[in-house]
Amino acid sequence: MKPFRKALVTGASSGLGRAICRELAARGVEVVACARRGDKLEDLVRELEAAGARASSLRLDVTSHEAVRGAIASASAEGPLDLVVAGAGVAEHSIEAPDRAARTRQLLEVNLLGAVTTIEAGIEAMAGAGGTVGVLSSLAGTRGLPGAAAYCASKAAIIAYIEARQIELSGHPVRLVDVQPGFVRTPMTAPNEFPMPLLMEVDVAARRTVDGLEAGRAVVSYPRRLAWPLRVVARSAPRGLWRRLLARRKDRPGRR
Ligand SMILES: NC(=O)c1ccc[n+]([C@@H]2O[C@H](COP(=O)([O-])OP(=O)(O)OC[C@H]3O[C@@H](n4cnc5c(N)ncnc54)[C@H](OP(=O)(O)O)[C@@H]3O)[C@@H](O)[C@H]2O)c1
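The rules we used
Residues numbered from 1 in each chain as written. Predicted model: local features only at pLDDT ≥ 70, side-chain atom pairs only at ≥ 80, totals over all residues. Heavy atoms only, no water. Phe/Tyr/Trp six-rings, centres within 6.5 Å; stacked < 30°, edge-to-face > 60°. Helix = DSSP H or I, 4+ residues; strand = E, 2+ residues; numbered from the N terminus. Buried < 20%, exposed > 50% of the residue type's maximum accessible area, 1.4 Å probe, protein only. Lys NZ or Arg CZ within 6 Å of the ring centre and 35° of its normal. Near = heavy atom within 4 Å. Polar contact = N/O pair within 3.5 Å; in protein donor to acceptor, adjacent residues only side chain to side chain. Areas by Shrake-Rupley, 256 points an atom, 1.4 Å probe, with all protein chains shown as cover. Nonpolar A, V, L, I, M, F, W, Y, C, P; charged D, E, K, R; others polar. Pairing = 2+ DSSP bridges. Right-handed = clockwise from strand over helix to strand, strands pointing away. Salt bridge = Lys/Arg side-chain N within 4 Å of Asp/Glu carboxyl O.

1. With respect to the packing of aromatic side chains
Tallied over the full model, the rule gives one aromatic pair. Centroid distance F183 to F194: 6.2 Å. Interplanar angle 65 degrees. Geometry classified as edge-to-face. Of this pair, F183 sits in the loop between β6 (174–181) and α6 (202–215) while F194 is found in the loop between β6 and α6, placing the two residues 11 residues apart along the sequence. The two residues F183 and F194 agree in class, both being buried. The ring of W228 carries R231 above its face, with NZ or CZ at 5.3 Å from the centroid.

Structure, rendered in structure tokens:
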């Protein structure tokens, strides 16, 4: 297990990103918390500092390539980073757009292109001394789910991107870790009205995430009781069977 010294986390104003900041700080890691909502970040920094941790915040929209690169450069200038976590993400229900195509474009800007920008800026910044880039993808990237077409597409795409980059980065000092959570209780899942099997508490998910990042595993998926059936059964189920299994759920709104 490799302890980190300094981490930059996007999506730190809420949910999993915020819980990961808390978990890292509790393990003695200096945290740079990033998101768009500055007031939430300031609350988090105050909380972490009150507990004796070193923390700061940077307001950041991950859809801006320059903003991501600038944030990572400015955080590194005050002491090298050895961990970058691409945690920023949105669900379909977080986006108001006139039509499905516009909503999908906006979602991909954050979940796919924002994550890619963070990955590449993190790799570049840590290429000299080495480090880890962790990405919050999702078990939802395993198969298409009705009600979450854009979300599943974004997560399937980032998983494929990470997989390819992991091969390209073989022997490189920066390690890329794909974190694939199942259902976690956060503001993102709060509006969901359908059953969420094996829903995890956010602090437990954050602990699993940081354990996996420290261990430098290629893929960190949890909970295991959901990840394994998805990997083994759902991934190999023929398209027709998958369609029949899911068709009866397709009209339910608010899916993550
Ligand atoms: N909760 C789950 O069950 C679950 C499962 C699998 C994967 N995940 C993934 O885990 C990540 C965190 O999800 P969560 O459940 O913690 O959601 P959340 O509570 O809604 O938090 C999302 C975070 O992303 C940030 N964000 C959104 N758009 C952004 C942008 N354009 N630029 C910068 N930051 C932005 C938000 O901050 P601001 O609004 O302040 O910018 C917020 O901090 C996401 O990538 C999600 O897809 C979640």
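Additional details are given in the paragraphs that follow.
2. Things to note about the site of the ligand
Neighbouring the ligand are 31 residues; S14, L16, R36, Y151 and T186 lie closest to it. Between the ligand and the protein, one listed contact pairs an oxygen atom with a backbone N or O atom of G89 at 3.3 Å. In the complex, the protein chains occlude 96% of the 880 Å² of accessible area that the ligand would expose alone. Counting only elements with at least two residues in the shell around the ligand, the list comes to α1 (15–26) and α5 (149–168). Of the residues in the shell around the ligand, the class split is 15 nonpolar, 11 polar and five charged.

3. Description of the pairing of strand β2 (residues 30–35)
Of all six residues making up β2, six are buried, and the element is well covered by its neighbours. Residues E30, V32 and C34 line one face of β2 and the alternating positions V31, A33 and A35 line the opposite face, and both faces are buried. Both strand β1 (residues 6–10) and β2 contribute to a ladder of five bridges, which runs parallel. Across the sheet, A7 pairs through a bridge with V31, a residue of β2. Handedness of the β1-α1-β2 crossover: right-handed. Bridge count between β2 and strand β3 (residues 55–59): five bridges; the pairing is parallel. When the bridges of β3 are listed, V32 appears paired with S56. Read from β2 through helix α2 (residues 38–50) to β3, the crossover connection turns out right-handed.

4. Some points on the pattern of salt bridges
Under the criterion given, the structure shown has 11 salt bridges. A salt bridge links E30 to R54; its shortest N-O distance comes to 3.3 Å. In this pair, E30 sits in strand β2 while R54 sits in the loop between α2 and β3, placing the two residues 24 residues apart along the sequence. By relative accessible area, E30 is classed as buried at 16%. We note a salt bridge from R46 to D43, for which the minimum N-O separation is 2.8 Å. Taken as a pair, R46 and D43 lie in helix α2 at a separation of three residues, close to a single helical turn.

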